[in-house]
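Structural characterization, general
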Amino acid sequence: MADDGGEGGENYVEGTRGVAMALASSDVDDDETEKNVSEAMSLIKDDGARAALADGLGIEAVDACASDDGYERILNLLLNALILEVEAVAGAAAAAAGDAADDTVVARPTDSSNGLARAVCRLVVRSTLGAGDSTPAETDMRQESMDLLSETLSGERELGEIAVESLLNAARSPLDENNRGEYGPALVLAHHTRTAAIPSEDLAATRWSSEAEDKSTAFRRDLMDLLGRQVFVLGGNAPPATPAEVGLCAPLISLLTKEEFDGSIARPLKFKLMSAPGSVMDALAAFVDVLTEAGSGNFVELHLGGGTDLAGNVVKVLKSGGDGVVPASKAAASLACASPIKGSQAVTEALAAGLKESSDVNACMGLCLGLEAVARTLLSESEAGRGEQSWVQLADEVALPAIEGLGGADGRNAAGPWYQLAGREASPPSPPSAAAAAVTNVAAAAGAASVPATGRPRSASRDGMSAADAAAKYRAQTSVGGQAPRQATASSLGDRIAANQQKARESFVGSAPDQRAGQTGSPSRAREQLDQLDTRIRNKTLQGDSPAPNGPEDADWERIHGKGRGGGNLSSFAADEDSGREQIVVASGAGTSYGVGPVPGGSLPIKGGDDDFYDNMDGDGHSPDPHEGGYVNRLGGGDSEGSGHPDDVNETERSTFQDESFPVDSGGGSIDANHLAYNDAPESADGLAVAVAVSPDEDEAFIPAAIEFDPDSKPPLYKNRRFRMYSIAAAILLVLVVVAVVVAVVFNTKDQSTKIVEVDQASLRIAAPTPQPTSSRWRMGVREQVEELVGVDKVGPGAPRPTPYTDALDWILDEDPMQLQKDSPFITQRYLLALLYFSADKDGVWRNCPPNFDDHNDAECEATVFDQDGQQYNDTFARLLSGEPECEWYGVSCPGGDNFVREIELMTNNMTGTLPPELALMPVLQRLSFVNNELTGTLHSEFGSMKHLIDIEFHYNLFTGTVPESFYDADNLIRLNLGGNLLTGTISPQIKNLRSLVGLFTFDNTFSGSIPTEVGDLEYLSYTRWSSNLHSGQIPTEIGQLTNLIELYLQWNKLTGPLPSTVGELTYLEDFFINNNELTGPLPTQLYSMESLTFFYCFDNSFLGTISSLIGSLTNLERLIIRRNFFTGTLPSELMELENITMIWAHYNDFSGTVSEDFCDFLTNLTGPLPSTVGELTYLEDFFINNNELTGPLPIQFYSMESLTWFYCFDNSFSGTLSPLVRRLTNLERLIIRRNFFTGTIPKQLMELENITMIWAHYNDFSGTVSEDFCDLYDEPYRLSRFYTDCLPSDLTGPPAVTCVCCTDCCDTVQETCMVNE
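Rules behind the numbers
Residues numbered from 1 in each chain as written. Predicted model: local features only at pLDDT ≥ 70, side-chain atom pairs only at ≥ 80, totals over all residues. Heavy atoms only, no water. Helix = DSSP H or I, 4+ residues; strand = E, 2+ residues; numbered from the N terminus. Buried < 20%, exposed > 50% of the residue type's maximum accessible area, 1.4 Å probe, protein only. Contact = heavy atoms within 4.5 Å. Areas by Shrake-Rupley, 256 points an atom, 1.4 Å probe, with all protein chains shown as cover. Pairing = 2+ DSSP bridges. Polar contact = N/O pair within 3.5 Å; in protein donor to acceptor, adjacent residues only side chain to side chain. Axes fitted to C-alpha atoms, helices over the stretch in contact; angles between N-to-C directions. Parallel < 35°, antiparallel > 145°, perpendicular 65-115°, else oblique. Left-handed = near helix turned anticlockwise from the far one by under 90°. Nonpolar A, V, L, I, M, F, W, Y, C, P; charged D, E, K, R; others polar. Salt bridge = Lys/Arg side-chain N within 4 Å of Asp/Glu carboxyl O. Core = buried A, V, L, I, M, F, W, Y, C linked by side-chain atoms within 4.5 Å.

Take the overall build of the protein next. Broken down by element type, the protein carries 32 helices and 42 strands. Classification of the 1318 residues of the protein by burial places 50% in the buried group. Across the protein, contacts joining residues at least 24 apart in sequence account for 61% of those joining residues at least 6 apart. By element, 49% of the accessible surface of the protein is carried by carbon and sulfur atoms, the whole surface being about 58,600 Å².

Below, the structure written as structure tokens:
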């Protein structure tokens, strides 16, 4: 074996590197290659060479590959090294087992096997996706890997298990930029290797059947769990998978069952959607596409709404704008394609509803893009012969009504394909948007097959735009002012926006331009004046003395046109529409404009002229201020340095002046004055005109179409609108100040009737409630008190605004009806409660008793709360941030009688955002409960310093990060519940400091590491749940010191080793869950001393040995769930002595012998009729009463169970008929009534149940003919899948009891056999 240390070791590593790099090179001849391969195969037989390859050298060689040959050579090197390492590990384990005479020694992967597995996966990723300047390989390296592993490890169970675990370890590596996507091939290769290493015939072997099934189930579960966690990144800060990375997982995704999707995939997806929906859209779309390709697209149907709410999250991202719009549109299209009926309907309805509710331009643009993407996807499916008739109704009744009410370019782009789906013509439809074309991957060929009603084919150049280009274009569209630019001449949405802005401006200025038309003379006089003005415009503006600026650095040019992104709103001035002339527009802005021509909001950038043009506006005319007069174009914007021209300007978008053409740009650009002279423009110019100022000597010739002024003089101040407005405002302000001073002096001279009870917060003496408003406020004193509390940097004069800190300060200073005086002992808690609201109400949707800022008199609300026994009741509270004392607010309690807040409990309240760390400043706060919300961020270390805190309940939120060390210093804590979050890291040994703990809950996170032995020091601990994490190692023996334990949940981890005998000390333990781990060995004898044990779940482990007859001492045992282990022997008859036993699951073990028939005496069944009171269970969905001895007919009230979804009553003795009232069970999906004594005919009303998928009515006494209309139910996908009746001849000789041509299966009641009905 090579020496790994010292100079020799370094030379050895360098030798391995030299050979590996030579193999990776593409410039090697055949002879040299053969030589290098031979040397490499010799080298990797040594542990040191394999360790070097695993420790970075293998990845270095992979990164050096630049050709298919190089990839293949390195792949063979790494896989052979991995197989040799696996063989060495297995050999070492066998030797250790022989030396120790212990057949339980397990061979486990080494760092070398793990590192080699990761290098193989790195190669597959790099060769498939390419990296840097390298292009993807033509050879499928994943398939090459699978072939080599199959060939080498076929039938090699032990070697295969080591290789599989090494690959799984590679898949479990935390995600970072260096290993993106490697988990995909790791999981695929692990699955393939295990399949090859354990032949199917092994499953038939008696001894290995249970083990194989057990391990196979656990392996599959781990595999799919890892797939979901890594693709959607459950825990950690890495972004979700890219579409290419999802593609690497495609072979595994295509194997998913619906149950696996619902459990392993939907859960991490749901968490990611709650925390960062925009980031997951690409991965979601790609994942759904793979499912659809595999024929499993219907898996998403259950998750379109509900808790996962795929459709709702897509809409949320589309409405938010930004980079997530294009991926979200793709996700919408993918969901619609995956489930052609339910998916397309759910997504389209969600998009249409969002469009109807939204007034934001960006949101409308995103939703339109989503609708367009969905429609074009459905069109593509229809053209491929996979269309659905329901899509026509979807277009007519859902999509088009929402889009038609919008109008505009985006509206027409979205409406076009929906009109085509509906078989109607649009008037006029637009070509598909670039982003939508990229989203739906529609190429020019697809565009040719989808021609708008005008006969003009869609632009292939636009359809062919990539998703990246589409996203870039969307960002460019929304980069200025946060709004999407549109051609004003083609956008009714833009017209409405401009009109709304005009109305607002008219109310601000006091009169609109057309309202000033009364100052003008006759129309003919106006036309004459306009002609004269036109001439002067041409002479003065376009041929004036002022030269165009030399560049953007010209100070005058910058002052006129603005500089920087969105460097100024555009202002424009319109001519009188009644004058019969085209509009004349003048614009100032950021060097860009759109909407030229006679359209409100149109503008034209002017080069040339001087600053006086903007400084000498008539006081009765239009101010250059963007907030005064005229039309304002807020749909415009441009680049930071002036103008730019898009690449796709066509000939129809050009205007000609004096035989010289220039592009009229709807997305940016400017027009050089040197190319223009005023003249009658041709039709293509769209009536474009140019306007400048006129001199004051023609003031009498004023017309409402333009503003007249002399660029060399300024109007008197009394004519300046701004001067007049500011003067009036100053006068009003002066009057208000005088009145305020007088009022303050008068009231301060009176006796104040309200006194504040001073409270020493240090001693916490009982104080009066927060006082009612007083006549005097010490405003500056309150501000200083808050500044001292949270810091000047957060609320001081220079602090950023708005923030939750400043919002809370503004509220307590200006809006709080209580109006506290300085030095009040309650300012701290009142301010901090306001801070909590503004920090944790990011979306403004608190469920219970939110503030009513519009009506301070609305101070009361009703909410549902829970008592100490968990029972709900309604009570009345004061609203949050109302004028009532804070102790009366909903969720706030002051049980100490001193009016200081001791408890904050806001459960299931739709809280979003983060918790402010300053909550720790509440002087006597004892309880923080924010259960079942959507709070994010990390756990604040400040909470650990709260000396009075005894209860933290943060479970079921979205907290991330690790548990701060300061939490372990909160020695007064009685309960710490952090379950159901996204926390990571380990549980510190310092947990021993929490000696007051009674409840400790860390379940449903991703904590790892072992359970610290120091947990045994928590002598008062009674309830603890560590389940559904990644804990490993053995259960510590110190667990036996927790003699007060009542609940112990350790299931769904990776715990190993035997169950410690010290568990026998847990004599108060009632619920003991250790299932779904890797525990081994026999159950210790001491287990049978746990006299309080009620529930014992140890299934899905590897326990051995027998169940002792001492089990009879567990007199309180109700459930014994021990399935899927390796228990042997017979089931002890002492189980019959357990009076409370209700459930024994002992299957999938190696038990043998005969179970005593005395057990039959304990098996009792339900008898008698089904009570009529079941009709009161209107919310019941799943009703299972099968395998009993129930009799009589189904009560008529049964058909009132309107929520019933699954009804299983088979294997009973029910009789009577099925009532036609079964039509009322509109949610019924499964009706399983076999093996009863029902009579009569099967009611045809079952056909009216839209959700029915399964009817099992065989082995009954039904007769007659089943309606052939049932056959129609099979034409609708995902409707009726199985329909059983007794339609076989009785005893294969007599006529059938039931005639049914539409049943899928026919059965014989005598022989109880069924056959497919052909």
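Quick look at the sheet that holds strand 32 (residues 1189-1192) now. In spatial order, the strands read 30-32-34-36; together these four strands make up an open sheet with parallel pairing. Single-partner strands in this sheet number two, and they are strand 30 (1167-1169) and strand 36 (1237-1238). Direction of pairing for strand 30 relative to strand 32: parallel, over a ladder of three bridges. Note that in strand 32 the partner of Pro 1169 across the bridge is Thr 1191.

Okay, the sheet that holds strand 7 (residues 892-893) next. Strand order in the open sheet formed by twelve strands is 7-8-10-12-14-16-18-20-22-24-26-28, and the pairing between neighbours is mixed. Of all the strands in the sheet, just strand 7 and strand 28 (1143-1145) have a single pairing partner and so form its edges. Where strand 12 (residues 951-953) meets strand 14 (residues 975-977), three bridges bridge the pair, whose relative direction is parallel. Paired with Ile 952 across the two strands is Leu 976, which belongs to strand 14.

Following the sequence through the fold, Asn 1212 ends up in the loop between strand 33 (1206-1208) and strand 34 (1213-1216). A distance of 3.0 Å separates a polar side-chain atom of Asn 1212 from the backbone nitrogen of Leu 1190. A distance of 3.3 Å separates the side chain of Asn 1212 from the backbone oxygen of Phe 1210, its partner in a polar contact. Beyond its immediate chain neighbours, meaning those up to four positions away, Asn 1212 contacts Ile 1185, Asn 1186, Asn 1187, Asn 1188, Glu 1189, Leu 1190, Arg 1235, Asn 1236 and Phe 1237.

Turning our attention to unusual backbone geometry. A cis amide bond links Arg 801 to the next residue, Pro 802, at an omega of -10°. Checked against the element boundaries, Pro 802 lands in the loop between helix 30 (792-795) and helix 31 (804-815). For Thr 908, which is not a glycine, the phi torsion comes out positive at approximately 45°. Among the secondary structure elements, Thr 908 is positioned in the loop between strand 8 (903-905) and strand 9 (912-913). The phi dihedral of Trp 1052 is positive, around 55°, even though this residue is not glycine. With respect to the element layout, Trp 1052 can be found in the loop between strand 20 (1047-1049) and strand 21 (1054-1057). The class for Trp 1052 is partly exposed, based on a relative accessible area of 36%.

Looking now at the packing of helix 14 (residues 310-320) against helix 16 (residues 342-357). In contact at an axis separation of 9 Å, helix 14 and helix 16 are set at 40° when each is read in the N-to-C sense. Here helix 14 lies oblique to helix 16, going by the angle between them. Pair helix 14 / helix 16 crosses with right-handed handedness. For the pair helix 14 and helix 16, contact is made by Ala 311, Val 315, Leu 318 and Lys 319 and by Ala 346, Val 347, Ala 350, Leu 351 and Glu 357, respectively. Of the residues contributing to the contact of helix 14 with helix 16, the split by class is seven nonpolar, no polar and two charged.

Side chains bearing opposite charge may pair, as long as their charged atoms lie close to each other. Under the defined criterion, the tally for this structure stands at 32 salt bridges. Here Lys 1054 and Asp 222 are joined by a salt bridge, their closest N and O atoms 3.9 Å apart. You can see Lys 1054 sitting in strand 21 and its partner Asp 222 sitting in helix 9 (residues 206-231), a full 832 residues away along the chain. The salt bridge partner of Arg 927 is Glu 905, with a shortest N-O separation of 2.9 Å. One end of the pair, Arg 927, is in strand 10 (residues 927-929); the other, Glu 905, is in strand 8, and 22 residues separate them in sequence. Through salt bridges with shared partners, one network takes in Asp 63, Arg 118, Arg 122, Arg 126 and Glu 182.

Mapped onto the elements, Pro 1289 comes out in the loop between strand 39 (1282-1285) and strand 40 (1298-1299). Under the relative-accessibility criterion, Pro 1289 is labelled partly exposed at 28%. Remark: the alpha-carbon pair of Pro 1289 and Cys 1306, spanning 17 residues in sequence, is separated by 9.0 Å. In this structure, Pro 1289 is in contact with Gly 1294, Pro 1295, Pro 1296 and Asp 1308, ignoring residues within four places of it in sequence.

Core analysis: the biggest nonpolar cluster contains 131 residues, and Ile 74, Leu 227, Phe 287 and Trp 418 have the highest contact counts within it. Among all residues touching Leu 227, those that are not within four sequence positions of it are Leu 187, Cys 249, Leu 252, Ile 253, Ile 265 and Phe 287. In terms of nonpolar packing, the next biggest core, distinct from the first, is built from 107 residues, Ala 920, Leu 978, Ile 987 and Met 1090 among them.

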